[in-house]
Amino acid sequence: MITIGKFNDLQIAAKNSDGLSLSDGHREILLPYSDVPANVEIGDNITVFVFVNKDGQTIATTKKALAQVADFACLTVVDVTEDGAYLDLGIGKDVYVPTRDQKRPMQLDESYVVYLYLDESNQRMLASSRLDRFIEEEDFEIDEGDEVSLLISEKTDLGFNAIINNRYIGLLYHNELFANLKVGEQRKGWIKKIRIEGKIDLSLQPLGYSHILDTKDVLLKELRERGGKIALGDKSTPEEIYERFQISKSAFKKAIGGLYKERIITIGDHEISIVVDSLAD
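These notes cover the structure that comes with them. (Residues numbered from 1 in each chain as written. Predicted model: local features only at pLDDT ≥ 70, side-chain atom pairs only at ≥ 80, totals over all residues. Heavy atoms only, no water.)

**A short note on the environment of E82**
Heads up, the condition is: Think of it this way: any DSSP run of H or I at least four residues long counts as a helix, any run of E at least two long counts as a strand, and we number them from the N terminus. Three exposure classes are used, based on accessible area relative to the maximum for each residue type with a 1.4 Å probe and protein chains only: buried under 20%, partly exposed in between, and exposed over 50%.
Within the secondary structure, E82 is located in the loop between strand 6 (72–80) and strand 7 (84–87). On the accessibility criterion, E82 (78% relative accessible area) is exposed. Put simply, E82 and K254 are 172 residues apart on the chain and 56 Å apart in space, counted from C-alpha to C-alpha.

Below, the structure written as structure tokens:
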């Protein structure tokens, strides 16, 4: 079955004056010669993106679309009209965002996180920045502590909203962030808490003691590679710690506290040092 707004694996069925006819075994669509790759023959399979053009014709392209239907993605505005905006999809065919689908009026050359969907009346792709209409809000197939993929979608008073695994939405709190985030940025994250009301709290760091064990190993390796000293200590700022190790100050202090209790390091206000015996190991 040929699916509009998606990548499809189709077979080259024939050649004609305009391009190649591609088939799923039941239906054929055109791949214009301008998009035909070299060294393909009738009978070969080819991966294409399928869309409906302005004339209502279903067309295939081998250009790499930046997103497909049912995706959340960060796309850039290339044109604005009275009725809506057009976003660059990377295939020479822009995706339309009607005014009704804009959470805030879109501006030329700005980028926005949107959801792509099909207009049921004509099968053309549309996009919406009203993300809450498309996220799943119950029956989560994730658990607290799970590693997830995040798409930073919006800055709020509390922090940053992020799309989780292209399905849900959660929040990264400002007071738990030690990195400069940007809307549209993709990050690895972890589920910190799923609240009774269905809200999801997120973290950019793994949860639990296993993370502290990993951090201890990283710190010890760095100490040995740096001759036994690191210019970070008990009173170093969260920003200094994150810039060096991409961890929170809390995680850093737990890790160095563990190494100190094991008599592997000594701790100063702005420096940690490995003891001589451990350096020899």
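**Digging into the nonpolar core**
Keep this limit in mind: In this description, a nonpolar core means a group of buried Ala, Val, Leu, Ile, Met, Phe, Trp, Tyr and Cys residues linked to one another through side-chain atoms lying within 4.5 Å.
Counting 22 residues, the largest nonpolar core has L75, L87, L89, M106 and V114 as its most contacted members. Mapped onto this core, the elements with two or more residues apiece are strand 4 (45–52), strand 6, strand 7, strand 8 (95–98), strand 9 (111–118) and strand 10 (125–128). If you look at the next biggest cluster of nonpolar residues, it comprises 17 residues, including L220, I230, F245 and I256.

**Remarks on the packing of aromatic side chains**
The line we're drawing: Here the aromatic set is Phe, Tyr and Trp, taking the six-membered ring for Trp, and pairing holds for ring centres within 6.5 Å; pairs whose planes are under 30 degrees apart are stacked, those over 60 apart are edge-to-face, and all others are tilted.
Here the structure, examined in full by the defined rule, presents 6 aromatic pairs. Summarising the aromatic geometry, the rings of F7 and F49 are spaced 5.3 Å apart at their centres and angled 65 degrees between planes, so their arrangement reads as edge-to-face. Here F49 lies in strand 4 and F7 lies in strand 1 (residues 7–15), a separation of 42 residues in the sequence. Classification of F49 by relative accessible area gives buried; the value is 0%. Measuring from centroid to centroid gives 5.6 Å for Y117 and F134, while their planes differ by 25 degrees, and the two rings are stacked. Here Y117 is found in strand 9, whereas its partner F134 is found in the loop between strand 10 and strand 11 (147–155), with 17 residues between them in sequence. Classification of Y117 by relative accessible area gives buried; the value is 17%. Members of the aromatic cluster, each reached through a chain of ring pairs, are F72, Y115, Y117 and F134.

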